[in-house]
Amino acid sequence: MDTQNKYTKNKTDKFESEDNQDKSLNLNNFNDHVIGINKSNSEDMKKIDEVDLDTEPLKEDRGIINNIKKFIKHQNDEDESEDENDLDLIDETGLKKNKKLSSKRARNSIILLVVISFSILIIAFVLLGLNEVFSCFKSDDKSVTVEIPSGAPISVVSNILNESGVIDYPWMFSTYVSIKGNSLKPGKFKLNTSMDYDTIYNILSDSSLNISKIDLVITEGMNMFNISEKISDDMVITGEDIINELNNEENYSKYNFSKYISDSELSNAYYPMEGFCAPYTFFVDSSSNAKALANAILKKTDDNLSPLYQDIKNSKMSLWQIMTIASMIQSETHKESEMPNISSVIYNRLNNQTEFPKLQCDPTYRYASRIKENIINNENDENIDIKKADNYNTYNCKGLPAGPICTPSISAIKAAIYPSSTDYYFFCADQKTGKVLYATNFKEHRNNVRKLEGKQ
């Protein structure tokens, strides 16, 4: 009985051992399967959940299986944590890279914006400059009058133009004039708001376009009285001013022609510079003064006489005598073709003063009368002996008058230097037609006068 029981127990233990071994084998296989699932795909965790732990083979190993589940879950949690940490690291690194990239892009954008803005400013400046200098886009077309003061610097002129609406940028015009060269003239000028710089510059540099200027035109045959009368009320100087400056020794003594005139010749003259006012057109504007104008006139005379000094010297006559004879010729005719013959009459009478002591030239009588009138009416001449006027009247004085009686032309001067060779002692001229009749004696001369008067 005992032996049978022992056998039975041993058999039972054997079966239990084999059964446990099978269970252990099955559990190991299960564990390997679970681990494989965990390693291969987390989705297969569902398979573990589907295992029936109440089945007889696995009932006793429920705790082991639960531990395996916990282990797998813990391992999955660690993997997920590591993945999250990896993602955080990637995100942080990427964020830093993105920040750097964003910063670089922002810096480049700012630089690009600055470059574009600067380029726009340059383009705008160039367009403004082109419009200002070359009047490319100016639509305003308005006529304006500007007055440039004498001696005004470029900056002042530019401001005047700006205030008048002719230019927009004074500094730009100042720069333009500095480059071109400052040749701007004083006076009043008509401009237009649509003009370019070059046109403005050319107008302001041309004194002939000065609308405030008044031309003083000295023509052949004019005398000091005529010149004084030509100075109008619109001019900034007076007739008396110009006459005084012309006859001021300080002015005329600077010129070469004065060296050929003696003090005695000058002292006998009512106006020392009568006859020495060159025929020319002189400009008088707001910047003019009598002294400057007088010097311009005297300089022109000096320029005209300069080529004739040697010829005058060869004539055996003084400059004063030549200019006096030339003025008489000029007063008698304006026809150049008649001048040498009239000159011959004067010379013939001068060379035969025994028979013809007086020249008896009508223009000298008229000039002397004008001097007397001026002396009487001018308080400044009250100390001058009225008899001085008689020195110009060739009906009273012998030989040549005291000095020139008007401004002669170059042709009259040359005729005085080179008279024709004739035997004429008389002439009479028609002042309207310029026709001149000559005679060798007084009887013939009287007949010529009647002819001109229409009595024959």
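For the structure, check the block above.
Below is a short write-up of the structure. Source: prediction; values computed, not measured. Sequence order as written defines the numbering, with residues in each chain counted from 1. The predicted origin of the model limits local features to residues at a pLDDT of at least 70 and limits the giving and counting of side-chain atom pairs to 80 or more, whereas totals for whole chains, interfaces and linings rest on all residues. As a rule here, side-chain values cover all heavy atoms of the structure and leave hydrogens and water aside.

## Observations concerning helix α12 (residues 290–305)
Alright, step 1. Think of it this way: any DSSP run of H or I at least four residues long counts as a helix, any run of E at least two long counts as a strand, and we number them from the N terminus. In a helix, the anticipated span is given by 1.5 Å times the number of residues less one. The terminal C-alpha atoms of α12, which comprises 16 residues, lie 23 Å apart, in line with the 22 Å expected from a rise of 1.5 Å per residue.
Alright, step 2. What α12 keeps buried is the set A290, L293, A294, N295, I297, L298, T301, D302 and L305.
Alright, step 3. Polar contacts, as counted here, are pairs of nitrogen or oxygen atoms within 3.5 Å of one another; within protein the pair requires one atom able to donate a hydrogen and one able to accept it, and residues that are adjacent in sequence qualify only if both atoms are side-chain atoms. Sitting at the amino-terminal end of α12 is N289, which places a side-chain oxygen 3.2 Å from the backbone nitrogen of K291. Only protein chains enter the accessibility calculation, which uses a 1.4 Å probe; a residue whose area is less than 20% of its type maximum is buried, one above 50% is exposed, and one in between is partly exposed.

## Some words on helix α16 (residues 362–377)
Alright, step 1. The end-to-end C-alpha distance of α16 is 23 Å, a good match for the 22 Å that 16 residues give at a rise of 1.5 Å each.
Alright, step 2. For α16, the complete set of buried residues consists of P363, T364, Y367, A368, I371, N374 and I375. For α16, the buried positions fall inside an angular range of 135° around the axis, keeping them on one side. More than 90 degrees from the buried face of α16, the exposed residues found are I376 and N377.
Alright, step 3. We call two residues in contact whenever any of their non-hydrogen atoms come within 4.5 Å of each other. Along its buried surface, α16 packs onto α8 (224–230) and α14 (319–332). What the arc covers is the set of directions going from the helix axis to the C-beta atoms.

## Section: the environment of H445
Alright, step 1. With respect to the helices, strands and loops of the structure, H445 is situated in helix α18 (residues 442–453).
Alright, step 2. For H445, a relative accessible area of 14% translates into the label buried.
Alright, step 3. In this structure the C-alpha to C-alpha distance between H445 and Y425, which are 20 residues apart in sequence, comes to 8.9 Å.
Alright, step 4. Each residue touching H445, except ones within four places of it in the same chain, is listed here: F426, F427, C428 and A439.

## What about the pattern of salt bridges?
Any two side chains of opposite charge can pair, on the condition that their charged atoms come close.
Alright, step 1. A side-chain nitrogen of Lys or Arg and a carboxyl oxygen of Asp or Glu constitute a salt bridge if their distance falls within 4 Å. A complete count under the given rule lists 5 salt bridges for this structure.
Alright, step 2. Of the charged contacts, one joins E229 and R370 as a salt bridge, the two residues approaching to 2.5 Å between their closest N and O atoms. Linking E229 in helix α8 with R370 in helix α16, this pair joins segments that are 141 residues apart in sequence.
Alright, step 3. With a relative accessible area of 51%, E229 lands in the exposed category.
Alright, step 4. With its nearest N and O atoms 3.3 Å apart, the salt bridge here joins K299 to D303.

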